[in-house]
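A structural walkthrough
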Amino acid sequence: MKSTYTKIQQQKSLKVQKDWLQIRTIDMHTGGEPLRVILDGFPELKGSSVLEYRRYCKANHDELRTALMFEPRGHADMYGCILVPPNDDGADFGILFLHNEGYSTMCGHAIIAISTLAVQMEWIVVSEGENTLKIDAPCGRINAFIDIKNGEVEGVRFNCVPSFVVGLDRKVLVDGLGEITYDLAYGGAFYAYVDLQKNDFNMDLLPQSYQTLIDVGMGIKQAVMKQDAEVVHPYEEDLSFLYGTIFIDKSEHDGADSRNVCVFAEGEVDRCPTGSGVSGRMAIHWKRGEIVLGESMIIESITDSQFKGSVVQELDFGPFKAVVPQVAGTAHITGHHTFVIDPKDPMKNGFILR
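Residues numbered from 1 in each chain as written. Predicted model: local features only at pLDDT ≥ 70, side-chain atom pairs only at ≥ 80, totals over all residues. Heavy atoms only, no water.

The name given to the chain in an unreviewed UniProt entry is Proline racemase, with Flagellimonas flava as the source organism. Looking at the chain in UniProt, the text filed under Sequence similarities (unreviewed entry) is "Belongs to the proline racemase family." (UniProt positions renumbered as here; feature names shortened; annotations may be inferred.)

Have a look at this one:
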């Protein structure tokens, strides 16, 4: 009789039941922030634009978002994406972003990661030097630039959608904190930017302050949402909501201009400096006269990972004086998975514990 261990050596593949859904993914990270790229097994989404695919997914397959983002397959800070057809032939593909609360409108770390993956999966043909990838996100078209050196991805830069400031040095009363000063800006998503140097916080932006950052960040987000009626995109209602709070402080590291920690969605903490958040910051610094065309800033995250931000264009966008920011970073693959969803599993749709 064969021993159990011998059988283990001979049978290492799972026999998947016919009624189990199988979803294949590749997992990555950009500056420590995860990205679960859903490649196969997700039901076909209906629509004729990225925003329509987003609405359809939310209305018809939201349980798969929670199944793949929440525990036991993910965690409270998991992030993912689904690739969809572009809005028109001018782009290579479209993308939807998933997290613990729903579907964001822009995600810079995902753009950097998926551009890297496009090369590694040979979805696009590249040559030495700069290569361009056009991606339709819910907020609009993103132009990514992939730098290839000796056949490998050295880094990715992307030009975000027009980014603008709604207001500087606004005030809001927050329960337990008192009056807070913040800037309201858009970089593909709306954020309340809170500079610790302008507010009397007994708090820092280090990993040990993780839970405090969540609590304070969500308190500020909720207060701003109740008070500020100007979280309105000039052209698209689906983009008109406050995504998160971004804390800013000085950096203690040489070579970094400042530290940036984003608390977004339902209390997620971004491990990277936040691509859309850095885009909004470029609009703020430009509005204050702290950066001009051709200049760049290095912004670090709670994990000390860094993005380079700059302004590459000034333009009018609806009623706003706006800029096109550029953000640069690197991404890496961490693994690949075939997730199964057993319809008899009482926790098949996932759960979250903090």
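Some words on the pattern of salt bridges
Overall, the coordinates contain 20 salt bridges when judged by the stated rule. Arg157 is paired through a salt bridge with Asp147; the nearest N and O atoms lie 3.6 Å apart. With a gap of ten residues between them, Arg157 in strand β7 (residues 152–159) and Asp147 in strand β6 (residues 140–149) connect regions that are remote in the sequence. Residue classification places Arg157 among the buried residues on the basis of a relative accessible area of 18%. The exposure class of Asp147 is partly exposed, given its relative accessible area of 22%. Asp316 is paired through a salt bridge with Lys321; the nearest N and O atoms lie 2.9 Å apart. Each member of the pair, Asp316 together with Lys321, is exposed. It is possible to trace a salt-bridge network through shared partners that takes in Asp169, Asp183, Lys198 and Arg288. (Salt bridge = Lys/Arg side-chain N within 4 Å of Asp/Glu carboxyl O. Helix = DSSP H or I, 4+ residues; strand = E, 2+ residues; numbered from the N terminus. Buried < 20%, exposed > 50% of the residue type's maximum accessible area, 1.4 Å probe, protein only.)

What to know about the packing of aromatic side chains
All told, the structure shown has twelve aromatic pairs when counted by the stated rule. Where Phe164 meets Tyr186, the ring centres are 5.0 Å apart and the plane angle is 20 degrees; that geometry is what we call stacked. Linking Phe164 in strand β8 (residues 163–174) with Tyr186 in strand β9 (residues 178–186), this pair joins segments that are 22 residues apart in sequence. This pair shows no difference in class: Phe164 is buried, exactly as Tyr186 is. Relative to Phe264, the ring of Tyr243 has its centre 5.3 Å away and its plane inclined at 50 degrees; by these criteria the two rings are tilted. Of this pair, Tyr243 sits in strand β11 (residues 242–249) while Phe264 is found in strand β12 (residues 258–264), placing the two residues 21 residues apart along the sequence. (Phe/Tyr/Trp six-rings, centres within 6.5 Å; stacked < 30°, edge-to-face > 60°.)

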